[in-house]
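The residues making up each chain are set out below.
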Amino acid sequence: MKKKQNIDWDNLGFGVYPTRSMWKSTNSINGEWDKGGLIPYGNIEISPAAGVLNYGQGIFEGMKAYHSSKDRLVLFRPEMNAKRISTSCKRLCMPEISKDYFINAILEVVRDNADFVPPYNKGGLYIRPVVWGTAPTLGVAPASEYTFLVYTAPVGPYFRGGIKPLNLIASESYHRAAPKGIGHVKAIGNYSASLEPVRKAKEDGFDEVLYLKAEDERLVEEVGSANIFMRKGNQLVTPRLAGSILPGVTRNSILKLAQDQLGLDVTEGDLLLEDLFTADEVFCTGTAVVLTPVGHITYRKKTHMIKDGNMGEAATELRKKLVHIQLEKKEDSYGWIYPV
Ligand SMILES: *Cc1c(COP(=O)(O)O)cnc(C)c1O
């Protein structure tokens, strides 16, 4: 293992942090990605008329590399991110990226920046692949050239000094995504749309926005950039992957663990906002937050405490089981770990 960078690992947050290198390739008019390779981390040059800058022809991924308890670097289910980036590219008329090509790029960046991966239990190396339309395109049309870039940043654990249940506001003023729109892919435009609702929520003292479904506001959709779950007795429910729900890798993993290891009765279906108020537990999942409980939900000026407002037992168990697999503290019977 490479000697680690001299970084204050105990005080890492979640932010941009320059590393050694990033991976870049281009795809011009003939539709094939070139060989690509590592370049020094830093600013890049781009046309002011680039499709991504003018019309939002861009998508991204988010994943983490960990220093595991076996003293090696590992990825978590990168083939799921490969599949999703391909779906995202397709939806935005961008050339698809094959699984092998994608995973090779990730491996090259992580290996070259291995000394930036936080030590065991101190967080992870956040990996950010992006695909952008970079050719100048003045009229609204798919660009004729694309850039695939992968950069990384060491990040600390999302919560320092214990997990704090989230305080959410269920929004009647904003939707995250429209049915038949681009909510089911990681298109950059979904996140620019979320800036104002989240800023307002924070100004009002909430942590995040709980979005309701655009086509039926009785139903919940997701929390900003995390999927949502509710447990009532032995039932665990999360919104089904239809319309604008983002298919989270963490969501998929938690569904499996809940069914196989906790014996919960798992349903992907409609999730009524009203049912959350009387749930035994509500939590959300994502690469950044891993699994985070929801303590309070405010709707129409009324605040509902979920059970006693603390992290519930299923959330605690599921989070532990997931983290133990990710950090190789427990046997990975699913084949989710991908050694770097
Ligand atoms: C990325 C993302 C998630 C979580 O997906 P993971 O693969 O678990 O990180 C959930 N919802 C939205 C809107 C997202 O962008």
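Keep in mind it's a predicted model, so treat the numbers as computed, not measured.

A. Broad picture of the packing of aromatic side chains. Throughout the structure, instances matching the rule amount to twelve aromatic pairs. When the centroid spacing of 4.9 Å and the interplanar angle of 70 degrees are considered together, the rings of Phe 60 and Tyr 191 count as edge-to-face. Of this pair, Phe 60 sits in strand S3 (residues 58-60) while Tyr 191 sits in helix H4 (residues 188-192); the two residues are 131 residues apart in sequence, bridging distant segments of the chain. Considering the side-chain rings of Phe 76 and Trp 336, the 5.6 Å spacing of their centres and the 80 degrees angle between planes classify their relative orientation as edge-to-face. Of this pair, Phe 76 sits in strand S5 (residues 73-76) while Trp 336 sits in the loop between helix H8 (313-326) and strand S17 (337-339); the two residues are 260 residues apart in sequence, bridging distant segments of the chain. Residue classification places Phe 76 among the buried residues on the basis of a relative accessible area of 9%. The buried category is assigned to Trp 336, whose relative accessible area is 4%. Here a set of aromatic residues connected by ring pairs shows up, and it is made of Trp 23, Trp 33, Tyr 101, Phe 102 and Phe 148.

B. Summary view of the nonpolar core. In this structure, Ile 97, Phe 102, Val 131 and Phe 148 are the most contacted members of the largest nonpolar core, which totals 37 residues. The dominant element in this core, judged by the number of residues it contributes, is helix H3 (residues 99-112), at eight residues. Ranked by size, the runner-up nonpolar core spans 23 residues in total, among them Leu 168, Val 220, Ile 228 and Phe 277.

C. Representation of the domain arrangement of the protein within the structure. Considered domain by domain, the protein is made up of domain 1 (9-155) and domain 2 (166-326). The gap between the C-alpha centroids of domain 1 and domain 2 is 26 Å. Counting from both sides, the interface comprises 22 residues of domain 1 and, opposite them, 21 residues of domain 2. When domain 1 packs against domain 2, the two sides together hide about 1,800 Å² of surface, and 66% of this comes from carbon and sulfur. Contact with domain 2 buries area across many residues of domain 1, yet Phe 60, Phe 76 and Arg 84 alone supply 35% of it, more than any other trio. The tally of links between domain 1 and domain 2 comes to zero salt bridges. For the interface between domain 1 and domain 2, the tally reads seven residue pairs in polar contact (both at pLDDT 80 or more).

D. Representation of the site of the ligand within the structure. Residues in contact with the ligand amount to 15 residues; listed here are only the nearest, Lys 186, Tyr 191, Glu 222, Thr 250 and Thr 287. Interatomic distance of 2.8 Å between a side-chain N/O atom of Arg 84 and an oxygen atom of the ligand. Considered on its own, the ligand offers 380 Å² of accessible surface; in the complex 97% of this is hidden by protein. Of all elements in the fold, only strand S11 (226-232) and helix H6 (249-260) reach the threshold of two or more residues within the shell around the ligand. Considered class by class, the residues forming the shell around the ligand number four nonpolar, seven polar and four charged.

E. Geometry of helix H5 (residues 195-203). Burial in H5 covers these residues: Pro 197, Val 198 and Ala 201. Relative to the axis of H5, the buried residues are bounded by an arc of 95 degrees and lie together on one face. Away from its buried face, by an angle of more than 90 degrees, H5 presents the exposed residues Leu 195, Arg 199 and Glu 203. Packed against the buried residues of H5 are strand S8 (166-171) and strand S9 (208-213).

F. Local environment of the side chain of Thr 152. Within the secondary structure layout, Thr 152 lies in strand S7 (residues 146-155). Within the structure, Thr 152 has its side chain in polar contact with the side chain of Thr 19 (distance 3.4 Å).

G. Spotlight on the pattern of salt bridges. Under the definition given, this model contains 19 salt bridges. Residue Glu 61 is joined to Arg 84 by a salt bridge in which the shortest nitrogen-to-oxygen separation is 2.8 Å. Note that Glu 61 is positioned in the loop between S3 and strand S4 (63-67) and Arg 84 in helix H2 (residues 78-91), a separation of 23 residues in sequence. Classification of Arg 84 as buried rests on a relative accessible area of 8%. In this structure, a network of salt bridges that share partners links the residues Arg 176, Lys 213, Glu 221 and Glu 222.

H. Quick peek at the pairing of strand S15 (residues 290-299). Buried residues dominate S15, accounting for nine of its ten residues. Examined bridge by bridge, S8 and S15 share four bridges and lie parallel to one another. If you follow Ile 169 over to S15, its bridge partner there is Thr 298. For strand S14 (residues 281-286) and S15, the ladder comprises four bridges, and the chain directions are antiparallel. Residue Phe 283 lies in a different strand from S15, and its bridge partner there is Pro 293. Where S14 folds back onto S15 in an antiparallel hairpin, the turn is made up of three residues. Pairing geometry for S15 and strand S16 (residues 302-305), over four bridges, is antiparallel. Looking at S16, one finds that His 296 is bridged to Met 305.

About the thresholds
Residues numbered from 1 in each chain as written. Predicted model: local features only at pLDDT ≥ 70, side-chain atom pairs only at ≥ 80, totals over all residues. Heavy atoms only, no water. Phe/Tyr/Trp six-rings, centres within 6.5 Å; stacked < 30°, edge-to-face > 60°. Helix = DSSP H or I, 4+ residues; strand = E, 2+ residues; numbered from the N terminus. Buried < 20%, exposed > 50% of the residue type's maximum accessible area, 1.4 Å probe, protein only. Core = buried A, V, L, I, M, F, W, Y, C linked by side-chain atoms within 4.5 Å. Domains from an automatic or database assignment. Contact = heavy atoms within 4.5 Å. Buried area = accessible area lost by both parts, 1.4 Å probe. Salt bridge = Lys/Arg side-chain N within 4 Å of Asp/Glu carboxyl O. Polar contact = N/O pair within 3.5 Å; in protein donor to acceptor, adjacent residues only side chain to side chain. Near = heavy atom within 4 Å. Areas by Shrake-Rupley, 256 points an atom, 1.4 Å probe, with all protein chains shown as cover. Nonpolar A, V, L, I, M, F, W, Y, C, P; charged D, E, K, R; others polar. Arc of directions from axis to C-beta. Pairing = 2+ DSSP bridges.

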